[in-house]
Amino acid sequence: MKNILVSSASRGIGEATSRFLVQKGYFVYGVYNTNKVEAEKLIEELKNIKMFQYDFSDRRNTKLLKSLAKMLDSDAKREDVDIEPRDIEYS
């Protein structure tokens with residue numbers, strides 16, 4: 001299974017991207033700021049997702065996310081991808 005990190009994953013384009021990628025067979029590591037209820041709904045609905053709460057205005061959280069990314073990268077295979085919602089084209 002391919003892993004992917006999606007920012008702003010609890011709502012809007014990030015949520016839609018997370019849903020799309022799970023349907024395509026990815027395991028999504030989602031990052032959100034304040035929408036814990038929405039994040040928990042996604043966790044209940046989608047089997048292949050893990051959500052992390054980060055407030056990027058807090059420097060400590062930025063360092064924690066960097067550690068998460070390194071952990072994922074160390075476990076990653078060549079086919080793993082890192083993508084942000086703004087990078088996806090919708091037709």
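Residue positions are given per chain, counted from 1 along the sequence in the order it is written. Residues qualify for local features only when their pLDDT is at least 70, as the model is predicted, and side-chain atom pairs are given and counted only at 80 or more; totals for whole chains, interfaces and linings, by contrast, use all residues. Just so you know, side-chain values use all the structure's heavy atoms and leave hydrogens and water out.

Draft legend 1. Structural view of the overall build of the protein. Note on conventions: DSSP H or I runs of at least 4 residues are helices, E runs of at least 2 residues are strands, and numbering of each starts at the N terminus. Along the backbone of the protein there are three helices and four strands. What you see in the protein, going N to C, is helices and strands ordered as β-α-β-α-β-α-β. Partly exposed residues are those whose accessible area sits between 20% and 50% of the maximum for their type, while under 20% is buried and over 50% is exposed, using a 1.4 Å probe and protein chains only. Looking at the protein as a whole, 37% of its 91 residues are labelled buried. Put simply, of all contacts in the protein between residues at least 6 apart along the chain, 48% involve residues at least 24 apart. Only heavy atoms matter for contacts: two residues are in contact if any of them lie within 4.5 Å across the pair.

Draft legend 2. View of the environment of lysine 47. Here lysine 47 is to be found in the loop between α2 (36–45) and β3 (49–53). Exposure remark for lysine 47: the relative accessible area of 78% places this residue in the exposed category. For the pair lysine 47 and phenylalanine 27, spaced 20 residues apart in sequence, the C-alpha separation works out to 8.6 Å.

Draft legend 3. How the structure looks around the side chain of serine 10. Looking at the element boundaries, serine 10 is found in the loop between β1 (2–6) and α1 (12–23). Among all residues touching serine 10, those that are not within four sequence positions of it are Glu15, Tyr32, Asn35, Glu38, Ala39, Leu42 and Met51.

Draft legend 4. Region of the structure containing the pattern of salt bridges. Any Lys or Arg side-chain nitrogen located within 4 Å of an Asp or Glu carboxyl oxygen qualifies as a salt bridge. Applying the stated criterion to the full structure yields three salt bridges. The partner of arginine 19 in a salt bridge is glutamate 15, with the nearest N and O atoms 3.0 Å apart. Of this pair, arginine 19 and glutamate 15 both sit in helix α1, separated by four residues, roughly a single helical turn. Residue classification places arginine 19 among the partly exposed residues on the basis of a relative accessible area of 25%. Residues glutamate 38 and lysine 41 are paired through a salt bridge, measuring 3.6 Å at the closest nitrogen-oxygen approach. With glutamate 38 and lysine 41 both in helix α2 and three residues apart, this pair spans about one turn of that helix. For glutamate 38, a relative accessible area of 29% puts it in the partly exposed group. A relative accessible area of 40% means that lysine 41 is categorised as partly exposed. Residues joined by salt bridges that share partners form a network here, namely Glu15, Arg19 and Glu45.

Function cannot be inferred from these measures alone, as they are strictly geometric.
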